[in-house]
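Listed here are the chains, written in short residue letters.
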Amino acid sequence: MNTYRLEFQAVILAGPGTNLSPLTRHYVRGHGLEEPVPKALLPVGNKEMLNYPLAWLDAAGVSDVLIVCPASHRPLMSHFVYSSAEFPALRITLQTIDDEDSMGTADVLREISSSIQADFIVLPCDFIPPPNLTLSALLDAHRMDADGPILTSLLYERGEISKDGPPPLLVGLEEKSRTLAHIPVEESGDDVNLRMSMLWKRTVLDLLAERTDLSSIKEELIPWLCRTQYRVAARRKYGSILKPIGNTQALALEHSTVQPAAKPTRHYAKKKLDAGDAGADSPGGLQSPKSPPTAMSIASSVPTSPRIGGLQKLLEDEENKANIDIRCAFIVHKMENGTAIRANTVKTYFEANRLPSREQYQPQQATPGSTQPGDREYWIDPKAQISSDSLVGPSTKIAERTSIKKSVIGSHCVIGRNVRISGCVLMDHVVVKDGAKLDGCILSRHTVVEEKCSAKESETATGVTLAAGGDYKNERVEQFEYDED
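First, a word on what this report is: a plain description of the structure on this page. (Residues numbered from 1 in each chain as written. Predicted model: local features only at pLDDT ≥ 70, side-chain atom pairs only at ≥ 80, totals over all residues. Heavy atoms only, no water.)

**Quick notes on the packing of helix α1 (residues 51-60) against helix α4 (residues 135-143)**
In step 1: Between α1 and α4, whose axes approach to 8 Å, the crossing angle comes to 60°. Judged by the inter-axis angle, α1 sits oblique to α4. Judged by residue contacts, W56, L57, A59 and A60 of α1 engage L135, S136, L138 and L139 from α4.
In step 2: Per-class residue counts for the contact of α1 with α4 are 7 nonpolar, 1 polar and no charged. (Axes fitted to C-alpha atoms, helices over the stretch in contact; angles between N-to-C directions. Helix = DSSP H or I, 4+ residues; strand = E, 2+ residues; numbered from the N terminus. Parallel < 35°, antiparallel > 145°, perpendicular 65-115°, else oblique. Contact = heavy atoms within 4.5 Å. Nonpolar A, V, L, I, M, F, W, Y, C, P; charged D, E, K, R; others polar.)

Structure below.
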């Protein structure tokens, strides 16, 4: 009888979205109160952002998913997760973290460790993968790595392009062994060098229980693991925690669809010493031909009495601990093969909305003179002009002589006459009145743009109003214009 064992769990981190303010703020009209807007539920291409990592996992057959979010987001997140029928194969569990806790990402993993029973995949809720970057291929690469890496990171070129091309990946890589060798700590907060720490061994959680000083995955845990690859003392101390004895690759082979490659010779493998050799260890854990005798060679020269035999075994155990192969692997995705992006800032969120396929929501024009949608989901006046690279959600009404170019328009929006919209993102239930002009703006849900208002490269919180005749440039509007201070 075949017993299918759980190979991977997925952990989706759905943080508060501080860097996406004011899009994650909701101003309640007439009350001056704020309600949380979960980052994970912000629309990208008229789909909730969380849909993209969930679809990625679903396509790869990873069905056990743990979503971690702030406690204040639980009602909205719970409604989305448990009312959606889009991913019936996924078993989704929602776990919350206290809003007041200033926890790093490694702290979060430590907090939820009891819910993780297998090797795990860490995904941010704001990751938008391109169609040809499949999780199945990444899982197979991780499975078939003969060294059994502690971590496999996904490195990808960023979506935004400067005149000189995409920014470089500032990391130290050993290409032959596919080893992530170095992460500069002083650079790690810039989101340039490490794009995503993705596939983890379950034993990393045991390490975090031991090393409570490691708070951030990117800024502390991964740089520490990279250094440990080349430090004998650290491997001796933590090697048995990170890689306990056992055939973990057997489980990987049950799920993989490809054959394993031959195991490469690791650069810090123990070398045979000639008699009389002496010298210091070389950098990176390599032993030079002039190195002093190792613990193993000393033990082999000691006579084997019961007491001495115990010493020999102790020395052999210490030598084995030092030779435990702790390795961080990497996979590189080039922009030329499709743009991967994280919508974790206002700028990248705007760029992410330009990426999804436009095929799902091609606008249809309503029958001239009709006031009922009938079988149609779109109320678009025949005299309105909508470019082919724009996206319009269902049940949105667009009046005559309105022009929309290179924009994403959500569902249930109402756009008046003689409106000009270019390069914008309008979320659901936005109202734009006659004669308004919008250029490069992001308008959150229930935003109202009054008549003849002009806005350029501005963002709004949910539920605010832009005043009639107003002129907004590079502004973040977070308060309802008509409420008194």
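Next, the rest of the story.
**Quick look at the pairing of strand β1 (residues 8-13)**
In step 1: Where burial is concerned, most of β1 is hidden: 6 out of the 6 residues are buried.
In step 2: Taking every second residue as pointing to the same face, both faces of β1 are buried, with F8, A10 and I12 on one and Q9, V11 and L13 on the other.
In step 3: Here β1 runs beside strand β8 (residues 119-124); their pairing, made up of 6 bridges, is parallel. Across the sheet, the residue bridging to Q9 is F120, located in β8.
In step 4: Summarising the sheet, β1 and strand β6 (residues 64-70) pair through 4 bridges and their orientation is parallel. In the sheet register, A10 faces β6, and the bridge partner there is V65. (Buried < 20%, exposed > 50% of the residue type's maximum accessible area, 1.4 Å probe, protein only. Pairing = 2+ DSSP bridges.)

**Considering the packing of aromatic side chains**
We describe a pair of aromatic rings using the distance from one ring centre to the other and the angle between the two ring planes.
In step 1: Using the criterion set out here, one finds 4 aromatic pairs in the structure.
In step 2: With a centroid separation of 5.3 Å and an interplanar angle of 65°, the aromatic rings of W56 and F127 are classed as edge-to-face. Note that W56 is positioned in helix α1 and F127 in strand β9 (residues 127-128), a separation of 71 residues in sequence. Pair check on accessibility: W56 and F127 agree, each one buried.
In step 3: Seen from their ring centres, W224 and Y238 are 5.2 Å apart, and the 80° between their planes marks the pair as edge-to-face. One end of the pair, W224, is in helix α6 (residues 217-228); the other, Y238, is in helix α7 (residues 232-242), with 14 residues separating them in the sequence. Exposure class is identical for W224 and Y238. Each is buried.
In step 4: Within the aromatic cluster, the residues linked to one another by ring pairs are W56, F127 and Y156. (Phe/Tyr/Trp six-rings, centres within 6.5 Å; stacked < 30°, edge-to-face > 60°.)

**Section: empty space enclosed by the protein**
In step 1: Here the structure, examined in full by the defined rule, presents 1 cavity of 30 Å³ or more.
In step 2: By volume, the largest cavity is sized at about 50 Å³.
In step 3: Taken together, 10 residues form the lining of the largest cavity, with R354, K406, V408, C424 and V425 sitting closest to its centre.
In step 4: Its residues assigned to classes, the lining of the largest cavity comprises 4 nonpolar, 3 polar and 3 charged. (1 Å grid on protein atoms, 1.4 Å probe; cavity = no way out; pocket = protein on both sides within 12 Å on 5 of 7 lines; lining within 4 Å. Points joined across faces, edges and corners; volume = space filled by probe spheres on them.)

**Quick word on the sheet that holds strand β26 (residues 437-439)**
Through backbone hydrogen bonds, the strands of a sheet pair up, either in parallel or in antiparallel fashion.
In step 1: If you trace the 6 strands from one edge of the open sheet to the other, you get β17-β20-β23-β26-β29-β32, paired in parallel fashion. Each edge of the sheet is formed by a strand with only one pairing partner; in this case those strands are β17 (385-386) and β32 (471-473).
In step 2: As defined by bridge partners, β26 adjoins strand β29 (residues 454-456) across 3 bridges and the pair is classed as parallel. Within β29, the position partnered with D439 by the bridge is K456.

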